[in-house]
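Examination of the molecular architecture
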Amino acid sequence: MAAENERKSSAVSDMGAWAMNVISSVGIIMANKQLMSSSGFAFSFATTLTGFHFALTALVGLVSNATGFSASKHVPMWELIWFSIVANVSIAAMNFSLMLNSVGFYQISKLSMIPVVCVMEWILHSKRYSKEVKVSVVVVVVGVGICTVTDVKVNAKGFVCACVAIFSSSLQQILIGSLQKKYSIGSFELLSKTAPIQALSLLVVGPFVDYLLSGKFIMNYNMSSGCFLFILLSCALAVFCNISQYLCIGRFSAVSFQVIGHMKTVCILTLGWVLFDSAMTFKNVAGMIVAIVGMVIYSWAMELEKQSNLAAKALNSVKHSLTEEEFELLKEGVETTQSKDVEHGHAKA
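Residues numbered from 1 in each chain as written. Predicted model: local features only at pLDDT ≥ 70, side-chain atom pairs only at ≥ 80, totals over all residues. Heavy atoms only, no water.

The name recorded for the protein in an unreviewed UniProt entry is Sugar phosphate transporter domain-containing protein, from Thlaspi arvense. According to the UniProt record, the Subcellular location (unreviewed entry) comment for the protein reads "Membrane". (UniProt positions renumbered as here; feature names shortened; annotations may be inferred.)

As structure tokens, this is what we get:
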């Protein structure tokens, strides 16, 4: 009974982490749209704005450690600097990719992160994926591709930036999970250590990167009170977005974060249609439906994989107390039961 309650509590907290990530991510995109669009405040300094995001996140982490809400664990400085470099390269490369390529190719590059993360986890951590997981990933990629990819234009510089962005973003998400496991550190504790380094570097380099992107220097921007309030809103949402990203990757994996994270794309398209009168075509709706089906298949495949892992652990725990003949008989019985459950479309807990 206690184990069952603990599992339900874990499932609720997992859903809470995903909900926080989806809501904060969608919220920050809506806030930044008003902040950066020509019809809004025309604050076209995306890299510097990201520096502001991490500065507030670092401040929240500092206050949390000072008040004892969270504990500071040791992580070697060179690992923190290496992670921050990878993360900052990801941010800058994504911005350059969006500037140099069409929106369609930018969306394709984001979608390609899912198979890239899978391959990198296989290379770095020898992780293997079941046939069901592979199928669900393909369905999600196809669905999101149908509803987001339109014009596809690319040039040599844009292609290089997109490749750098894909590689660095994938590596960053894998590093979040591996650092948490390697040093037994919580997601918020890790974020509070990396955020100050990222904030400092982005605030120093960001204005020059933004000048290359927009041809404008932030010091020449005429700040209004409305713009300042939206920057604060964007930063506050970014704190929740950063925390939930580290939570989700720490609890699940970089691949799961990528797959379920595309639910945000569906939410953004729907909100754009409801709030901003964006065009919603049959192609958009069909792509959303395919993407949602892929996400459902992925959730089922991961649950199936989890049950298989639990069964394997149970077999390993009793293996040492049984004779070889008894163990083989038990193993055959478990495999037979699982195959029957799969035929009926479910697996027993």
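Examining the packing of helix 7 (residues 156-182) against helix 9 (residues 225-251)
Between helix 7 and helix 9, the least distance of the axes is 9 Å, while the angle of their chain directions is 70°. With respect to each other, helix 7 and helix 9 are oriented roughly perpendicular. By crossing handedness, the relation of helix 7 to helix 9 is classed as right-handed. Mapping the contact onto sequence places Gln172, Gln173, Ile176, Gly177, Gln180 and Lys181 in helix 7 and Gln245, Tyr246, Ile249 and Gly250 in helix 9. For the contact of helix 7 with helix 9, a count of residues per class yields three nonpolar, six polar and one charged. (Axes fitted to C-alpha atoms, helices over the stretch in contact; angles between N-to-C directions. Helix = DSSP H or I, 4+ residues; strand = E, 2+ residues; numbered from the N terminus. Parallel < 35°, antiparallel > 145°, perpendicular 65-115°, else oblique. Left-handed = near helix turned anticlockwise from the far one by under 90°. Contact = heavy atoms within 4.5 Å. Nonpolar A, V, L, I, M, F, W, Y, C, P; charged D, E, K, R; others polar.)

Let's talk about helix 5 (residues 113-125)
Taking 1.5 Å per residue as the helical rise, helix 5 with its 13 residues ought to reach 18 Å, and the 17 Å between its terminal C-alpha atoms agrees with that figure. Turning to helix 5, its buried residues number three or more, namely Met113, Ile114, Val117, Cys118, Met120 and Glu121. Once helix 5 ends, the next one or two residues include Ser126, with phi positive near 55°. (Expected span 1.5 Å × (residues − 1). Buried < 20%, exposed > 50% of the residue type's maximum accessible area, 1.4 Å probe, protein only.)

Some remarks on a nonpolar patch on the surface
Residues Met77, Trp78, Ile81, Trp82, Ile85, Val89, Phe159, Val160 and Val164 make up a contiguous nonpolar surface patch of roughly 880 Å² in combined accessible area. Counting residues per element, the ones that place at least two in the nonpolar patch are helix 3 (77-100) and helix 7. For the nonpolar patch, the leading source of residues is helix 3, giving six residues. Of note, Met77 is situated in helix 3. (Patch = residues over 30% accessible without salt bridge, like charges linked within 9 Å, V, L, I, M, F, W, Y side chains within 5 Å. Areas by Shrake-Rupley, 256 points an atom, 1.4 Å probe, with all protein chains shown as cover. Salt bridge = Lys/Arg side-chain N within 4 Å of Asp/Glu carboxyl O.)

Focus on unusual backbone geometry
Positive phi is not limited to glycine here, since Ala42 has a value of about 50°. Relative to the elements of secondary structure, Ala42 occurs in the loop between helix 1 (2-36) and helix 2 (46-66). A relative accessible area of 31% means that Ala42 is categorised as partly exposed.

Section: the UniProt feature "transmembrane region" (unreviewed entry) in the protein
The UniProt entry lists residues 43-68, 80-98, 158-178, 190-209, 221-243, 255-276 and 282-301 under the feature "transmembrane region" (unreviewed entry), expressed in the numbering used here. For residues 80-98, the end-to-end C-alpha separation is 27 Å, with 100% helix and 0% strand making up the annotated structure. Counting secondary structure, residues 158-178 comes out at 100% helix and 0% strand; the distance between its end C-alpha atoms is 30 Å.

Topic: the nonpolar core
Counting 20 residues, the largest nonpolar core has Phe83, Leu171, Leu175, Ile176, Leu190, Ile243 and Tyr246 as the members making the most contacts within it. For this core, the elements supplying multiple residues, two or more each, are helix 3, helix 5, helix 7, helix 8 (187-214) and helix 9. In terms of residues, this core owes the most to one element, helix 7, which gives five residues. For Leu175, the contacting residues outside a window of four places in its chain are Trp82, Phe83 and Val86. Phe43, Tyr221, Cys227 and Cys235 belong to the second-largest nonpolar core, a separate cluster that totals nine residues. (Core = buried A, V, L, I, M, F, W, Y, C linked by side-chain atoms within 4.5 Å.)

Focus on the packing of aromatic side chains
In this structure the tally under the stated criterion is six aromatic pairs. Between the aromatic rings of Phe41 and Phe230, the centroid separation amounts to 5.5 Å while the plane-to-plane angle is 50°, which identifies the pairing as tilted. Taken together, the residues Phe41 in the loop between helix 1 and helix 2 and Phe230 in helix 9 connect sequence positions 189 residues apart. Grouped by ring-pair contacts, the aromatic residues Phe43, Phe45 and Tyr221 constitute a single cluster. (Phe/Tyr/Trp six-rings, centres within 6.5 Å; stacked < 30°, edge-to-face > 60°.)

Points about the environment of Trp82
Within the secondary structure layout, Trp82 lies in helix 3. Look at Trp82 and you get partly exposed, because its relative accessible area is 41%. In sequence terms Trp82 and Leu175 are 93 residues apart; their C-alpha atoms lie 9.8 Å from each other. Ignoring anything within four residues of it in the chain, the contact list for Trp82 reads Leu171 and Leu175.

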